[in-house]
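Residues per chain, in single letters:
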Amino acid sequence: MLKFIPMDKKEILTVSQVNTLSRTILEQFTIWVVGEVDSYKDGNWSGIYFDLKDENSILPCMFWKNTPVGYFPKNGEKVVLFGTLTLYEKRGSYHMKVSKIEPFGEGELLRKREELRKKLQAEGYFEESIKRAIPELPIKIGIITSARGAVIKDFLANVTKNYEGFEIYISDAVVQGDKAVKSICSSFKELSKLDLDLVVLMRGGGSIEDLMCFNEEEIVKAIRNCPYPVISAVGHEVDYTLADLAADLRVSTPTKAAELISASYLTFRHNIENTFENLEYSFIRKLETDSRELDYFGISLERMWLLFQSLPDDLNSLKERIYISMQRNLETCNSMLDLNLSGLRALSPENVLKRGYSISYNKNGKIVKSVHGVNINEDLEVKFSDGTVSTVVKGKGN
Amino acid sequence: MKEKEISFSEALKKLKIITEKLDKGDLELEESMKLYEEGVSLHKKCLEKLNSAKLKIEELKK
């Protein structure tokens, strides 16, 4: 259709023919173009019309509403457009028919992220109050990352530094580009089916463009819908991703996540030993309190000693008998009072009895704690480490 | 469904609660002994579980 008509060959075209010709020429090109959006109008027409401009020029643009352009810009926003140039034959005006729109550059990505952050914040996705605690010692750990690459290798090497008892389930995911969101969401679903303590979403460092998938609404929702606490370990130089904000805990790199989990073993081990020590101490103190009644013996011995000293010397044989009796009592007392702390540290309940202690029960099954609690001729059950004996109270003294 | 095994966090929490109860000291000797025994067994179970666990790495099929 394209013709070269020399001046001397006077072949005359109609206006319509010229516009059709121009349109045909224009439509031979597909182009990418960058500029600022202006006069964006989304009316009741089947197309959307706007201008793309720079400091000097304006390019009229449009796209049909049923075209999947991928992004809807606002006035003043810098975008990159893909499409063909064409011409409206009726008016002879030319424009660009757009088939794809992308936000331009880092600034735009950050702006987009900020907008979504505000929206999700208002919906409560980043509230501190909904964050779940990371278990003291997570054992069953789900990992979402690229299964091939240095990141997972590095994680495994670091996580096992202190302890090798972890169960690690790796769900391979695309962590960059168009397919990432879908892939990461399906990994979350996969891991939700398992019985886990923790999920770690991770990826090595990257630019804001690389990490844009971690700023998507679907990822934020997948993190909050995950039945297990989630650590976000996406390495980056930029301040944060929305995945970081949504996660129950955020660390700056996958290695940090591994170190945290590895250290949790040491902390847990320390805590459990500490708590157990406290338990033993509490129990020993309890035993000490309960045996304080034995002190009554001590007090009466003291009184007897004073009495003994005040007796006149001519009652020698009596004195001797009292002395022998006192010594015997003292020995009994000493052995009963031998409840020192260091000795008890190694005690378990059965050993308390094995050491020679016994517990006396009255006929109602109550523990007898004091001589005041028994009567002469009362039956008592005495429990030893290896069994019980039945006894009758023959006498009392204090 | 199989009953879920007590987690390390739960075990530690339980041990702390037992210790607190013992600390109050208003219990009968027998009750104290029972609590102490429970604590000993929890502690023992935790250590056994910690020491017997083996590293397992599994890549899930999608």
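Residues numbered from 1 in each chain as written. Chains lettered and ligands numbered in written order. Predicted model: local features only at pLDDT ≥ 70, side-chain atom pairs only at ≥ 80, totals over all residues. Heavy atoms only, no water.

Visitor: Looking at this structure, how should I read helix 1 (residues 15-26) of chain A?
Guide: Given 3.6 residues per turn, any residue in an α-helix points the same way as the ones three and four places further on. All names here are of chain A. When the terminal C-alpha atoms of helix 1 are compared, their 17 Å separation across twelve residues agrees well with the 16 Å that a helix rising 1.5 Å per residue should span. The complete set of buried residues in helix 1 reads Asn19, Leu21 and Leu26. Each buried residue of helix 1 sits inside an arc of 160 degrees when the element is viewed along its axis, so together they form one side. Next to the buried residues of helix 1 lie strand 4 (78-88) and strand 5 (93-103). (Helix = DSSP H or I, 4+ residues; strand = E, 2+ residues; numbered from the N terminus. Expected span 1.5 Å × (residues − 1). Buried < 20%, exposed > 50% of the residue type's maximum accessible area, 1.4 Å probe, protein only. Arc of directions from axis to C-beta. Contact = heavy atoms within 4.5 Å.)

Visitor: Mind showing me how you'd approach the interface of chain A and chain B here?
Guide: When the parts of a complex come together, some accessible area is lost, and that lost area is often used as the size of the interface. Listed per partner, the contact involves 52 residues of chain A and 37 residues of chain B. Overall, the association of chain A and chain B removes approximately 4,000 Å² of surface from exposure, summing both partners, and the carbon and sulfur fraction of that is 65%. Looking only at chain A, the three residues that lose the most surface to chain B are Ile272, Leu279 and Lys286 of chain A, adding up to 15% of its buried area. Where Arg148 of chain A meets Glu59 of chain B, a salt bridge forms, and the shortest distance between an N and an O atom there is 3.6 Å. Per-element accounting of the side of chain A that touches chain B gives the leading share, 17 residues, to helix 7 (residues 254-290) of chain A. Looking at the side of chain A that touches chain B residue by residue, the classes come out as 26 nonpolar, eleven polar and 15 charged. In terms of strand pairing, strand 7 (residues 167-172) of chain A meets strand 1 (residues 56-59) of chain B through four bridges, oriented parallel. Along strand 1 of chain B, the bridge assignment pairs Ile170 of chain A with Glu59 of chain B. (Buried area = accessible area lost by both parts, 1.4 Å probe. Salt bridge = Lys/Arg side-chain N within 4 Å of Asp/Glu carboxyl O. Nonpolar A, V, L, I, M, F, W, Y, C, P; charged D, E, K, R; others polar. Pairing = 2+ DSSP bridges.)

Visitor: What should I look at first to understand the environment of Lys363 of chain A in this one?
Guide: Residue and element names in this part refer to chain A. Residue position: Lys363 is located in the loop between strand 11 (359-361) and strand 12 (379-384). According to the relative accessible area criterion, Lys363 is exposed, its value standing at 71%. For the pair Lys363 and Glu378, spaced 15 residues apart in sequence, the C-alpha separation works out to 8.4 Å.

Visitor: I keep staring at a negative patch on the surface and nothing clicks. Help me out?
Guide: On the surface, Asp26, Glu28, Glu30 and Glu31 of chain B cluster together into a negatively charged patch. Examined against the element boundaries, Glu28 of chain B turns out to sit in the loop between helix 1 (8-24) and helix 2 (29-52). (Patch = residues over 30% accessible without salt bridge, like charges linked within 9 Å, V, L, I, M, F, W, Y side chains within 5 Å. Areas by Shrake-Rupley, 256 points an atom, 1.4 Å probe, with all protein chains shown as cover. Lys, Arg positive; Asp, Glu negative; His and termini not counted. Charge placed at Lys NZ, Arg CZ, Asp CG, Glu CD.)

Visitor: Is there a simple way to think about the sheet that holds strand 3 (residues 58-64) of chain A in this case?
Guide: To summarise the sheet geometry, strands pair through backbone hydrogen bonds and adopt either a parallel or an antiparallel arrangement. All names here are of chain A. Spatial strand order, 1-2-3-5-4: five strands in a closed barrel with mixed pairing. Between one strand axis and the next, the sheet turns through 55 degrees on average, direction left out of account. Where strand 2 (residues 47-53) and strand 3 come together, seven bridges link them in antiparallel fashion. What sits directly across from Asp51, in strand 3, is Pro60. (Axes fitted to C-alpha atoms, helices over the stretch in contact; angles between N-to-C directions.)

Visitor: Where do I start with the nonpolar core in this structure?
Guide: Most often, soluble globular proteins keep nonpolar side chains buried together rather than apart. All names here are of chain A. Membership of the largest hydrophobic core comes to 45 residues, with the highest contact counts inside it found for Ile143, Phe155, Phe166, Ile168 and Val200. The element that contributes the greatest number of residues to this core is helix 7, accounting for nine residues. Of all hydrophobic cores here, the second largest spans 33 residues; its members include Leu116, Leu191, Ala222 and Tyr240. (Core = buried A, V, L, I, M, F, W, Y, C linked by side-chain atoms within 4.5 Å.)

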